[in-house]
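# What the coordinates show
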Amino acid sequence: MTEIFKMPDIGEGMAEGEIASWLVKVGDVIKVEDAIAEIQNDKLLQEILSPFSGTVTKLFVEAGTVVAVGEPLIEFDGEGTGIATGETVGVVETKAISETPSVETVTVAADKTENSTIGAPVVNGRVQAMPSVRRYARQNGIDLTQVPATGRHHHITLVDVKHFEASGHITQVPDGNTAVSQAEVTETEPMAVEVVKVGRVPMTPVRKAIAKNMVAQKTSLPHVTLFDEVEVSGIVAHRKAYKEQVVEQGVKLTYLPYVVKALVAVVRKFPELNAHIDMATQEIVYAKDYNVGIAVDTPNGLFVPVIKQADQKSILTISKEVAELAELAKLGKLKPADMSGGTITISNIGSARGAWFTPVINVGESAILGLGTIAKTPIVNAEGDIVVGQMMKLSLSFDHRLIDGMLAQSAMNYLKKLLGDPQYLLMEVKKMVVGTQARAVDTVIIGSGPGGYVAAIRAAELGQSVTIVERGNIGGVCLNVGCIPSKALISAGHALHAATHDSPFGLTITGAKLDWEKTQAWKQNTVVNTLTGGVEMLLKKHNVEIIRGEARFNDNQTVNVITSDTSELLEFKHAIIATGSHPIEIPGFKFEGRVVDSTGVLSLPEIPEHLIVIGGGVIGTELAGAYANLGSRITIIEGLPKILNGFDDEMVKVIVSDFKEKGAEIVTSAKAKSVTQDENAVTVTYEAAGEEQTVRGDYVLVSVGRHPNTNNLGLNATDIKLTDRGLIETDNQQQTSVPNIYAIGDVVAGPALAHKASYEGKVTAAAIAGQDVINCAVAIPAVAYTEPELATVGETPDSVKAKGLNAKISKFPFAANGRAITMQSTEGFIRIITDKTSHIVIGGQIVGPGASDLISQLSLAMENGLTSEDISLTIHPHPSLGEAIMDTAELADGLPIHI
């Protein structure tokens, strides 16, 4: 099978990258996640990993070539993809913290024979025992591989474990956390060496990118620079007074954080400095956030890490972030997220004893502030006496298309006023956290979605005092603008489609129509508000404190919470990060007007006649299906060879057929390039089969994935480790690299699913309470609420083939199920995958009516190590859709009744 891997998205806003070096050559045999190349963009060097196993048959470009995202890089001939749905393909990420080996994942010792009666069967590396049995064994130090099994199919029962324990044969499994001692290394100070550079050397990719951007900026917009200076003796004295105090907290207090806070106050008063001109649309784009870039000069070039949400951070927090980001820049370890989103920049030449200069405005900004040296200078004070003052040099470059000279000078004057009087500055920014008294809390949870609120309730049940911080509505994305409201529209679509199309029952409904305004009111008031109100009531019932505001870490023990009118510092014993994720915005498709994300599409003012959907993943196809049933014409544009890439071809075929029956157009292997819009419509330009094409519709939904909400949490001020994708590294108790801080849900590795977040929330709450519990979930089902529904859990036919498993695949059609026939819902099938030797269920898929409900039966079977016979011997009600699972199990047993 020939596969082509294309240039992956290598970071927010990165449209291209240079192939710095190939790590493979034609003819090499590689496996999934082998490093294949190093990619250099204008910010950093990254390895990319192979999503395929097989033989390299072609390299499309040479090292040193700049390649756009989506362009072909390498061709493989082999086994196919190994990347799970929803993951970012290609970019290497830091591996998670090593997990403690658990008894349920320890394989049987090599010297045991196949006929041994000691221990339960090990399937896919997992001892077969009920979850409660595995937990009891783990808590009591019992190695399940040594326990004689008496249960059905040699499963270990709780009685088996207790008998084994009573006999005194307890084998403590190593905890895997023994520290490895490190030899102390004494380094000597290296001798200074004079470096002489002669001849010609190629520019590095970073240096080339810097040169290109600076020239483009200088020639594409009218730079004007104001030069001034300000007397800063007050700030010098203020810093001196607090400098020693904060050293004890590990902070080196510099002048720069004072300037950052002053600049934020200036741009709040003069928002044009926090904006830029979009020449393509002839619009002024005002930024909603105050993200200050700090230019850092390194041996590898100029980098600009960004202090996010600087208006909501203290001088102390900014000091720590600046120091940490500068160090990362010098080490070449900055991530794309560290350097994205800047709205205005500060460049400091004063550290090199420079004075005035003309800083060049960064891309997407309208101003940059240059700082020169602070020098003692004779000045005339208010009394007319000549005294020695501390004068700081200032250079303000601005885009004259947007900012007039008078406005720029007014901004400069206000900046001088703030820097000239630190008390006035501190009054303006309304807080100076140095010396602020923190309020002690037990467990603080950031985010109230399905992960956060479940963790809060369980933690309260286990005796903890809990505080939840939520910046939006209780229930998070899922209950407010995700899972729940989307399913409401799907239900409305089903009802309308059924009422307006021919019925085999002989039922005819004349004049059925939908009042869209009432539908939206029902979705919000009856569905969303009922559920979110219920969750809030449950939180209050469990005495959970709710603070509505934004939380940002100051360090490993404190978090600053900013509400609409105040701020509060919380000192916590434990913290749980459950902040979820947000839709990815792709270049050229800014979420505004008729270009909407998965949130905006739920609240359109009317049902579109034609909805264009970019991205044929689960969210895109679900919402496309909902609007197709509501009467919209649908066009789906997908970059991969098929939609619903997380499901196998046989399953997806049924969905594609349903879409085509409803007149939908599905364009695969296509790249969305740009969009234009007017008052009435949008026009999307895309490339497919080597040709550029356009499609015009009422709205375009961009649904190409989600990004974890970790950028604006102040994690730089903590010791929490992140992967290159911005995910938080955790262990098997959801504990981060900071022992008292945990993370769950979309911000950690694994599928971004609400039910996974809830499970992780319960594990975390129990771990904080001191219980011996780990995340040992075996079965995490995934569902697509398409028509018909899709559901999958565990192994699939593709994974069976890729792993070379000794498995049996059994499939039963809904067309042979009595209940499905009476429902006129006979499309699809149930598939059960079992281990051929033990007959234990190791996976299953469902396409058809009620798939989202039925998959739980297969998940339960997997989690408890049940066999196909266990299912077939269980009485199922008749007639029911669940009977089809029993029929599939009987087919797996070789004793089918209904097929």
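What comes next concerns the included structure. (Residues numbered from 1 in each chain as written. Predicted model: local features only at pLDDT ≥ 70, side-chain atom pairs only at ≥ 80, totals over all residues. Heavy atoms only, no water.)

In this section: the overall build of the protein. On a plain count of helices and strands, the protein comes out with 20 helices and 42 strands. In the protein, buried positions account for 50% of the 899 residues. Long-range contacts, defined as pairs at least 24 residues apart, comprise 65% of the intrachain contacts of the protein with a sequence gap of at least 6. A total of about 42000 Å² of accessible surface is found on the protein, and carbon and sulfur atoms cover 53% of it. (Helix = DSSP H or I, 4+ residues; strand = E, 2+ residues; numbered from the N terminus. Buried < 20%, exposed > 50% of the residue type's maximum accessible area, 1.4 Å probe, protein only. Contact = heavy atoms within 4.5 Å. Areas by Shrake-Rupley, 256 points an atom, 1.4 Å probe, with all protein chains shown as cover.)

Our focus in this paragraph is the pattern of salt bridges. Across all of its chains, the model carries 24 salt bridges by this definition. We note a salt bridge from Lys487 to Glu622, for which the minimum N-O separation is 3.3 Å. Taken together, the residues Lys487 in helix α11 (residues 483-499) and Glu622 in helix α13 (residues 618-629) connect sequence positions 135 residues apart. Ionic pairing is found between Arg831 and Asp648, a salt bridge with its closest N-O pair at 2.8 Å. Separated by 183 residues along the polypeptide, Arg831 in strand β41 (residues 829-835) and Asp648 in the loop between β30 (633-637) and α14 (649-661) bring together distant segments of the chain. Here Asp648 falls in the buried class, since its relative accessible area comes to 8%. One connected set of salt bridges, linked through shared partners, spans Asp648, Glu650, Lys811 and Arg831. (Salt bridge = Lys/Arg side-chain N within 4 Å of Asp/Glu carboxyl O.)

Attention now moves to the nonpolar core. Ranked by size, the top nonpolar core spans 54 residues in total, and within it Leu273, Val292, Ile346, Met392 and Leu419 carry the most contacts. The leading source of residues in this core is helix α5 (residues 256-269), at 10 residues. Setting aside its immediate chain neighbours within four residues, Met392 contacts Asp228, Glu229, Val230, Val232, Val259, Leu371, Gly372, Thr373, Ile374 and Leu419. Judged by nonpolar contacts, the second largest core, of 31 residues, contains Val613, Ile634, Leu644 and Leu790. (Core = buried A, V, L, I, M, F, W, Y, C linked by side-chain atoms within 4.5 Å.)

Structurally, the position occupied by Lys261 is in helix α5. A polar atom in the side chain of Lys261 sits 3.0 Å from the backbone oxygen of Ala310. (Polar contact = N/O pair within 3.5 Å; in protein donor to acceptor, adjacent residues only side chain to side chain.)

As a further point, take the pairing of strand β18 (residues 344-348). Counting buried positions along β18 gives 4 out of 5 residues, so the element sits mostly inside the fold. Here strand β14 (residues 292-294) runs beside β18; their pairing, made up of 3 bridges, is parallel. The residue bridging Ile294 from the neighbouring strand is Ile346, located in β18. Here β18 runs beside strand β19 (residues 367-380); their pairing, made up of 4 bridges, is parallel. Directly across from Asn348, in β19, lies its bridge partner Leu371. (Pairing = 2+ DSSP bridges.)

Taking strand neighbours across the sheet as the criterion, the 6 strands line up as β11-β20-β19-β18-β14-β17 in an open arrangement whose pairing is mixed. With partners counted over all chains shown, the strands left at the sheet margins are β11 (223-231) and β17 (306-307), one partner each. The sheet contact formed by β19 and strand β20 (residues 386-399) spans 12 bridges and is antiparallel. Across the sheet, residue Gly370 finds its bridge partner in β20, namely Ser395.

Looking now at the pairing of strand β26 (residues 567-577). Across 7 bridges, strand β21 (residues 439-446) lies against β26 in parallel orientation. Residue Val441 lies in a different strand from β26, and its bridge partner there is Phe572. Where strand β25 (residues 558-562) lies against β26, 5 bridges are found, and the strand directions are antiparallel. Bridging from a neighbouring strand, Thr558 pairs with Glu571 of β26. Summarising the sheet, β26 and strand β37 (residues 741-743) pair through 3 bridges and their orientation is parallel. Paired with Ile576 across the two strands is Tyr742, which belongs to β37.

For an α-helix, 3.6 residues make a turn, and residues three or four places apart therefore share a direction. Over its 15 residues, helix α15 (residues 754-768) extends 21 Å from the first C-alpha to the last, a length consistent with the 21 Å expected when each residue adds 1.5 Å. The buried fraction of α15 is high, at 11 of 15 residues. Along α15, the positions that sit buried rather than exposed are Lys756, Ala757, Ser758, Glu760, Gly761, Val763, Thr764, Ala765, Ala766, Ala767 and Ile768. Residues of α15 that are buried in the fold lie against β21, α9 (452-461), β26 and β37. Gly770 sits one or two residues past α15 and shows a positive phi near 95°. (Expected span 1.5 Å × (residues − 1).)

The next point concerns the environment of Thr563. Counting through the fold element by element, Thr563 comes out in the loop between β25 and β26. For Thr563, a relative accessible area of 22% puts it in the partly exposed group. When the C-alpha positions of Thr563 and Glu550 are compared, they lie 6.6 Å apart, and in sequence the two are 13 residues distant. Sequence-distant contacts of Thr563, that is, excluding residues within four places in its chain, are made with Ile547, Arg548 and Gly549.

A separate point is the sheet that holds strand β31 (residues 665-667). Whether parallel or antiparallel, the strands of a sheet pair through hydrogen bonds between backbone atoms. Strands sit in the order β28-β35-β29-β30-β31 across an open sheet of 5 strands; the sheet is parallel. Of all strands in the sheet, those bounded by a partner on one side alone are β28 (595-596) and β31. In the sheet, strand β29 (residues 610-614) pairs with strand β35 (residues 699-702) via 4 bridges, with the strands oriented parallel. Each residue of the ladder has a partner; that of Ile612, found in β35, is Val700. Where α13 meets the sheet, it contacts β29, β30 and β35, and its direction lies at approximately 165° from that of β30. (Axes fitted to C-alpha atoms, helices over the stretch in contact; angles between N-to-C directions.)

Let's shift gears to the packing of aromatic side chains. Aromatic ring pairs: the centre-centre distance and the angle between the two ring planes describe each pair. As enumerated under the stated definition, the model contains 3 aromatic pairs in all. Ring centres of Trp516 and Tyr627 lie 6.1 Å apart, and the angle between their planes is 55°; on these two criteria the pair is classed as tilted. With Trp516 in helix α12 (residues 516-541) and Tyr627 in helix α13, this residue pair connects regions lying 111 residues apart in the sequence. Exposure remark for Tyr627: the relative accessible area of 0% places this residue in the buried category. Its guanidinium or amino end placed over the ring of Tyr414, Lys269 lies 5.2 Å from that ring's centre, counting from NZ or CZ. Against the face of Tyr699 rests Arg594, its NZ or CZ located 4.7 Å from the ring centre. (Phe/Tyr/Trp six-rings, centres within 6.5 Å; stacked < 30°, edge-to-face > 60°. Lys NZ or Arg CZ within 6 Å of the ring centre and 35° of its normal.)

We now examine the side chain of Asp597. Position of Asp597 relative to the elements: it lies in the loop between β28 and β29. Arg706 is the oppositely charged side chain nearest to the buried, salt-bridge-free Asp597, at an N-O distance of 6.9 Å. One polar contact links the side chain of Asp597 to the main-chain amide nitrogen of Gly600, over a distance of 2.8 Å. When neighbours within four sequence positions are excluded, Asp597 is seen to be in contact with Pro583, Phe591, Leu701 and Val702. (Lys, Arg positive; Asp, Glu negative; His and termini not counted.)

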